[in-house]
Amino acid sequence: MMEKYYFIMTYGCQMNIHESEKIAGILENLGYKATDCVENADVIAFNTCCIRETAEQKIMGHIGSLEKLKKNKPHVKIVLCGCMTQQEGKGEEIKSKYPYVDYILGTHNIDQLHDLLEKQSKSKILVEQTDGYITENMPVTRTSMPNAWVNIIYGCNNFCTYCIVPYVRGRERSRSMQSIKAEVESLVAEGYKEITLLGQNVNSYGNDLKDGSSFAKLLNELAQIPGDFRLRFMTSHPKDFTDDVIEAIASNDKICKHIHLPVQAGSTNMLKAMNRKYTRESYLELVDKIKTKIPSVGITTDIMVGFNGETDEDFEETLSLVEKCKFSSAFCFVYSKRKGTVGYNMTNIVPQEVKKERIKRLIALQNKITRQGNSKYLGNVFEILVEDVNSKFENTYCGRTDCGRLVNFKSDKNILNQFVKVKVTKGTSATLWGEIQE
Ligand code: SAH
Ligand code: SF4
Ligand code: F3S
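Residues numbered from 1 in each chain as written. Chains lettered and ligands numbered in written order. Predicted model: local features only at pLDDT ≥ 70, side-chain atom pairs only at ≥ 80, totals over all residues. Heavy atoms only, no water.

**So, helix α13 (residues 352–375)**
Step number 1: Between its first and last C-alpha, α13 extends 35 Å over 24 residues, near the 34 Å set by a 1.5 Å rise per residue.
Step number 2: Within the span of α13, buried status applies to Lys355, Arg358, Ile359, Leu362, Leu365, Gln366, Ile369, Thr370 and Asn374.
Step number 3: Buried-residue contacts for α13 involve β13 (298–305), α12 (312–325), β14 (329–334) and β19 (432–437). (Helix = DSSP H or I, 4+ residues; strand = E, 2+ residues; numbered from the N terminus. Expected span 1.5 Å × (residues − 1). Buried < 20%, exposed > 50% of the residue type's maximum accessible area, 1.4 Å probe, protein only. Contact = heavy atoms within 4.5 Å.)

Dropping the structure here:
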């Protein structure tokens with residue numbers, strides 16, 4: 001029999017990266033094999049993101065570039081799925097612009113891919129409008145050894161006024177503690193060394209189950225699983241970050257001391273306009289409390305500039321919050337309006353030049369803080385999980401510290417997927433370098 005191949009292109013967040021592993025699982029069950037070369041593929045799947053307009057534009061461009069390929073090889077199936085396709089009317093819009101796309105699947109319709117391909121169905125748009133449900137036991141093809149992603153909660157209930165995620169991912173649905181634990185146990189048995197728990201807001205884990213499950217309980221439970229592994233999680237929402245979660249992180253060696261705690265803005269006015277449900281002061285207090293209880297912690301964040309109504313004073317407050325918090329790193333974004341959100345209809349828009357100026361200043365400030373933070377690590381020894389080869393240099397590997405910093409180091413032996421002790425020897429720039437300790 002002829003070999004059949006699939007190619008998956010993933011856009012967006014960790015959630016999507018993990019979902020692509022599920023798409024790969026479906027395709028491998030149908031007998032397809034992975035290829036890195038789009039020209040060789042019989043199925044081409046784009047797992048899309050629509051968090052910002054730039055993300056969508058990039059994807060649209062990539063779909064456009066498949067036209068010739070599809071003309072030359074009409075048997076190739078082109079599949080679009082992920083967040084972008086779930087937006088109202090988007091499926092039809094894409095189909096009219098790019099008629100050669102075969103299957104357009106919404107975020108709740110991924111499991112239907114199996115049947116569509118098995119039956120080689122005619123082209124179809126399947127986008128279900130629902131709050132969502134959970135499909136357990138989907139096949140998963142992981143490609144990220146020694147890291148594994150595990151969903152703990154799907155969807156989002158927060159409706160931050162700028163954000164499209166609640167509209168394309170449905171309401172919060174937590175998996176049962178039992179099924180999460182079973183998955184983590186089997187991953188540890190398979191040799192995965194780092195398990196990252198995923199959710200848009202991991203701190204609200206369990207609220208919808210109404211059986212007493214909570215994120216703190218889940219962390220404590222998972223940290224009891226025996227074996228040589230560690231746990232990470234993302235993303236934390238500041239409004240729900242309870243003391244028992246801080247306690248769970250502080251008291252379990254297996255839980256990494258890294259918290260991704262998106263602040264978005266430093267002024268209470270903006271936070272209110274964004275519907276974030278915390279204030280500048282309560283965020284600063286939370287950061288203080290975390291740093292006191294977990295001294296080795298690394299806190300990272302997301303920040304957005306130029307949301308509707310953001311004044312110079314508001315922006316200065318963002319800069320001063322960044323100075324105060326000393327984040328180990330920050331993802332900085334320019335606000336992009338998204339159809340269907342509350343922000344879309346607001347009229348107090350910040351001009352593009354102002355947004356550009358602000359993002360430049362913000363990034364420059366955070367870069368300075370990142371470098372200063374890194375230089376403090378000089379001489380410290382960290383336990384690092386060797387995750388990858390740094391192919392730019394000879395015999396060079398890289399991996400993360402418990403607190404989330406990426407470190408490069410040399411080794412003559414193949415040390416991939418192992419925990420090693422590394423002393424930081426160069427820490428003045430954005431990247432850290434170190435030496436393995438015997
Ligand atoms: N659930 C996470 C965020 C997921 S989206 C949380 O609540 O923190 C990842 C980041 O994208 C957000 O933290 C925000 O900074 C950014 N983002 C979301 N919507 C955006 C928009 N419309 N324009 C620009 N950035 C946006
Ligand atoms: Fe978007 Fe807010 Fe939900 Fe995060 S918490 S996914 S920013 S709506
Ligand atoms: Fe993630 Fe983008 Fe969807 S950030 S949840 S893939 S809109």
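So much for the structure itself; the text now carries on.
**Here we look at the site of ligand 3**
Step number 1: The local shell around ligand 3 consists of Gly12, Cys13, Asn16, Cys49, Cys50, Ile51, Cys83, Arg169 and Gln200.
Step number 2: Looking at the shell around ligand 3 residue by residue, the classes come out as five nonpolar, three polar and one charged. (Near = heavy atom within 4 Å. Nonpolar A, V, L, I, M, F, W, Y, C, P; charged D, E, K, R; others polar.)

**What to know about the nonpolar core**
Step number 1: Within the largest apolar cluster, 68 residues are counted, with the highest numbers of intra-cluster contacts made by Ile195, Leu197, Phe215 and Ile290.
Step number 2: At six residues, the largest contribution of residues to this core is made by helix α8 (residues 215–223).
Step number 3: Each residue touching Ile290, except ones within four places of it in the same chain, is listed here: Phe241, Ile246, Ile259, Leu261, Val297 and Ile299.
Step number 4: Of all hydrophobic cores here, the second largest spans 25 residues; its members include Ile44, Cys49, Ala55 and Ile164. (Core = buried A, V, L, I, M, F, W, Y, C linked by side-chain atoms within 4.5 Å.)

**Structural notes on a positive patch on the surface**
Step number 1: A cluster of basic residues, Lys291, Lys326, Lys368 and Lys376, forms a positive patch at the surface.
Step number 2: One can find Lys326 in the loop between α12 and β14. (Patch = residues over 30% accessible without salt bridge, like charges linked within 9 Å, V, L, I, M, F, W, Y side chains within 5 Å. Areas by Shrake-Rupley, 256 points an atom, 1.4 Å probe, with all protein chains shown as cover. Salt bridge = Lys/Arg side-chain N within 4 Å of Asp/Glu carboxyl O. Lys, Arg positive; Asp, Glu negative; His and termini not counted. Charge placed at Lys NZ, Arg CZ, Asp CG, Glu CD.)

**Points about the sheet that holds β13**
Step number 1: Sheet architecture is open: three strands sit in the order β12-β13-β14, paired in parallel fashion. Both edges of this open sheet fall to β12 (258–260) and β14, since each of them pairs with a single strand only. Averaged over all pairs of adjacent strands, the angle between strand axes in this sheet comes to 10°, irrespective of strand direction.
Step number 2: One ladder, built from three bridges, connects β12 with β13; its direction is parallel. What sits directly across from His260, in β13, is Thr300. (Pairing = 2+ DSSP bridges. Axes fitted to C-alpha atoms, helices over the stretch in contact; angles between N-to-C directions.)

**Topic: the pairing of β13**
Looking along a regular strand, one sees side chains alternate from face to face of the sheet.
Step number 1: Among the eight residues that make up β13, eight are buried, leaving the element largely enclosed by the rest of the structure.
Step number 2: Judged by which residues are buried, β13 turns out to be covered on both faces: Gly298, Thr300, Asp302 and Met304 on one side and Ile299, Thr301, Ile303 and Val305 on the other are all buried.
Step number 3: Here six bridges tie β13 to β14, and the two strands are oriented parallel to one another. What sits directly across from Val305, in β14, is Val334.
Step number 4: With α12 bridging β13 and its parallel neighbour β14, the resulting β-α-β unit is right-handed. (Right-handed = clockwise from strand over helix to strand, strands pointing away.)

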